[in-house]
Amino acid sequence: MMRRILIISSFILLTFKTYADEGMWLPMLLKELNEKDMKTMGMKISASDIYDINKSSMKDAVVLFGRGCTGELISNEGLLLTNHHCGFGQIQDHSSLENDYLKNGFWASDRSKELPNPGLSVTFIVRMENVTSKVVKDLKGVTDEAMRESLVAQLSTEIAKEATAGTSYEAIVKPFYNGNEYYLIVMEVFKDIRLVGAPPSSIGNFGKDMDNWSWPRHTGDFSMFRIYANKENKPAEYSPENVPYKPKHHFPISLKGLKENDFTMVYGFPARTNEYLTSYAVDQLVSKINPMKVDLRGKRLDVFNKYMLVDREVFIKYADKYSGVSNYHKKWAGETRGLKKADAVAKKKTIEMLFDNRVTNEPKFIAYFGLLDKIGKLYGSLEKVQPEYDLFTEALLTVEIFRQANSLKAIVDLKAEDFSGQKGKDVFTNLKSSSADFYKNYHAPLDQDILVEMIANYLKYSKEDVYPSIFRGFSSIASEQELKEEALKLFQNSLIDNGEEVMKWLENPDTSIVSKIKNDVAYQAATFYFNQFKSKVQKEFTSINAQLIPLNRQYVEAIRLVLPEKKYYPDANQSLRVTFGKTEGYKPGDASKYNWFTTTDGILEKNNTGHIDYSIEPRMFELLKNKDYGRYADKDGSLHTCFAASNHTTGGNSGSPVLNAKGHLIGTNFDRNWEGTMSDVYYDINQVRNIVLDVRYTLWVIDKYAKAGHLIQEMTIIE
Ligand code: ASP
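Computed from a predicted model, the values in this text were never measured in an experiment.

Caption draft 1: How the structure looks around the environment of Gln 448. In this structure, Gln 448 sits in helix H18 (residues 444–461). Separated by 42 residues in the primary sequence, Gln 448 and Leu 490 have C-alpha atoms spaced 8.8 Å apart. Not counting the four nearest positions on each side in its chain, Gln 448 is found in contact with Ala 487, Leu 488 and Phe 491.

Caption draft 2: Molecular detail of the state of the cysteines. All chains considered together, the criterion is met by 1 disulfide. Not engaged in a disulfide, the cysteine Cys 642 finds its nearest cysteine sulfur in Cys 86; these two sulfurs lie 14 Å apart. Looking at Cys 642, the relative accessible area reads 0%, which means it is buried.

Caption draft 3: Just the pattern of salt bridges, in detail. In this structure the tally under the stated criterion is 45 salt bridges. Between Glu 129 and Arg 127 there is a salt bridge, and its shortest N-O distance comes to 2.6 Å. Among the ionic pairs, Glu 145 bridges to Arg 553, the shortest N-O distance being 3.1 Å. Note that Glu 145 is positioned in helix H8 (residues 145–164) and Arg 553 in helix H22 (residues 521–562), a separation of 408 residues in sequence. What emerges from the salt-bridge pattern is a single network uniting Glu 77, Arg 111, Glu 114, Arg 226 and Glu 714.

Caption draft 4: Inspection of the packing of helix H14 (residues 371–394) against H22 at higher detail. Relative to each other, H14 and H22 sit at 150°, their axes nearing to 9 Å. Regarding the angle of H14 to H22, the classification is roughly antiparallel. The hand of the H14/H22 crossing is left-handed. Tallied by class, the residues present in the contact of H14 with H22 amount to 19 nonpolar, 7 polar and 3 charged.

Caption draft 5: Local environment of the pairing of strand E3 (residues 79–82). Both faces of E3 are covered, namely the face carrying Leu 79 and Leu 81 and the face carrying Leu 80 and Thr 82. The pairing of strand E2 (residues 69–73) with E3 spans 2 bridges and is antiparallel. The residue of E3 that forms the bridge with Glu 72 is Leu 81. Between E2 and E3, which pair antiparallel in sequence order, lie 5 residues; one of them, Gly 78, sits at a positive phi of approximately 75°. Here 4 bridges tie E3 to strand E10 (residues 223–229), and the two strands are oriented antiparallel to one another. By the bridge assignment for E10, Leu 79 is matched with Arg 226.

Caption draft 6: Structural view of helix H5 (residues 84–93). Burial of H5 is extensive: 7 of the 10 residues sit out of reach of the surface. Turning to H5, its buried residues are His 84, Cys 86, Gly 87, Phe 88, Gln 90, Ile 91 and Gln 92.

Reading the values: rules and limits
Residues numbered from 1 in each chain as written. Predicted model: local features only at pLDDT ≥ 70, side-chain atom pairs only at ≥ 80, totals over all residues. Heavy atoms only, no water. Helix = DSSP H or I, 4+ residues; strand = E, 2+ residues; numbered from the N terminus. Contact = heavy atoms within 4.5 Å. Disulfide = S-S within 2.5 Å. Buried < 20%, exposed > 50% of the residue type's maximum accessible area, 1.4 Å probe, protein only. Salt bridge = Lys/Arg side-chain N within 4 Å of Asp/Glu carboxyl O. Axes fitted to C-alpha atoms, helices over the stretch in contact; angles between N-to-C directions. Parallel < 35°, antiparallel > 145°, perpendicular 65-115°, else oblique. Left-handed = near helix turned anticlockwise from the far one by under 90°. Nonpolar A, V, L, I, M, F, W, Y, C, P; charged D, E, K, R; others polar. Pairing = 2+ DSSP bridges.

This is the structure we're talking about:
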């Protein structure tokens, strides 16, 4: 027995080797956990230059941009750099047929031309503190998960409130390691953020879908904003009186370039990873869930294309939605491919085998005996309900008229007396604003086609025997023609697809609206489907997950104790993290090897193919042909556009500063290679690369292409 364990152990240690590059680390623990590795890999600064709460440090130049990206400060006058795809919503909002900033780009010639963006905020981290002991002290003996959750929420609010009392800061307590640890995060949130510059999409989104999630890449994926503050340099709502924010730190920009295998580090807000999923979960993802979701999104994109490619107005309305849908369509396909190639399920199984062996043989781990079996059984039950759940969100909920109809339910739910009170006022104010946004970017004929397509696919995938009749009304319809007729009828008879009409309803908060909404066919259909979903799918899904959550938490606690030969990092949860690696290419397949950087020559090569995703403007073509790279050229004479590195990143790291060994800005993170997207679930050094926009190309575009050299003058440039 002992010999068998030894053999398994040494086999596993090979698969289980911790690569320095893997991990999204907490900045305040770098000194303890990572500084040594980082220095061995070439870092020249110290952990306290990266994160310090007593003096200014690099953390003071990194922000959560909006709700899901990262941005970095690049001047002492609040100038902020992020990705084009992160500022896309704002660029789109300011765009119209007359001022098509998506197509032509936008450059504020002076500060008075910078464009405000209501609703956009950036968040600085003031400090983070481990408050696990304060949270868990009251959780002893609590076995009911719902009770635990509500206690955690209550304690978290108290801790956050206490931490910000008497300050203008905001705070939150977040769970780490699946709820085994808790950290308080104190933040300063700025709300007057103005658009300063964005290249045309032919630069900012060069390569579009063809190149999304792929390497080699030539996308100039950047946009620039400025943070404004009140005269005391503190956050304030938009006001023309506000002044550019003076940050505690901004990144110097290095024009020196890099070599292969040079140290790089990414500082940002990775949103979500699932590194501790068991083999059961990964197996389901690869074999069932991802393929279905990829198929559904592909069908939606076909419908979008049918309308967007022939009508520029629809194109502008749906541009942001399209990029959201296509982004994950391609991501899930790549993730599946990468996980299969890395044999992730088998590798996870091997680790689980060692885990089980140690648990069985070492009495001190008795509490974890049978844990993986229990998790496996629950995944067995989830096998039926998970696809139904995903079908609801990826098919039914994508029909926009149903979503809008469902939002009107807030009016139906009001009591008669609420209509004249504050509650009614709030409901109507919120709905007026969300509906105005909705109709601004809505095209009913497109949505009608989505309805047909999604229901046809719902019926294809749904296991009628498991959850019959969620689509009653459509489920007996056999042919696509009949489906089309039904959809047409729904749109002809409903008023909810008509923005003017609904906005009129909302102008007069009157009880008579209730019957208008209730009698609307789209509302009736949406309500029926939502109710069916809640009772037939969501209930069971939630109940299985409520059992899985504590088991997964226990597994993460256990694996750190039972298999201590690996350094563990908490899953991404949109908190500030540091990840480090080096510039390196990779082998995408047999007999091929990718270089670690690209140059503008590749833009011309791709453009030469004639593919629409590689269109560039004649002016750009001329500039690139002339090879006038100025001080932005690399030592090799070319203008580098992007580079690949082995930093462990994920969604949310978009826009993150990428720094060299001295902490100088060398690029902006914006993507990963296709197979590399699997790093959200399983990291494989051979396949995972983050993709970075070389800052020298960014500056070249600003300077030579946009002739906005005044912006470069406010930066700190290291030649
Ligand atoms: N493209 C991603 C983002 O939008 C970055 C990534 O997932 O690597 O955040």
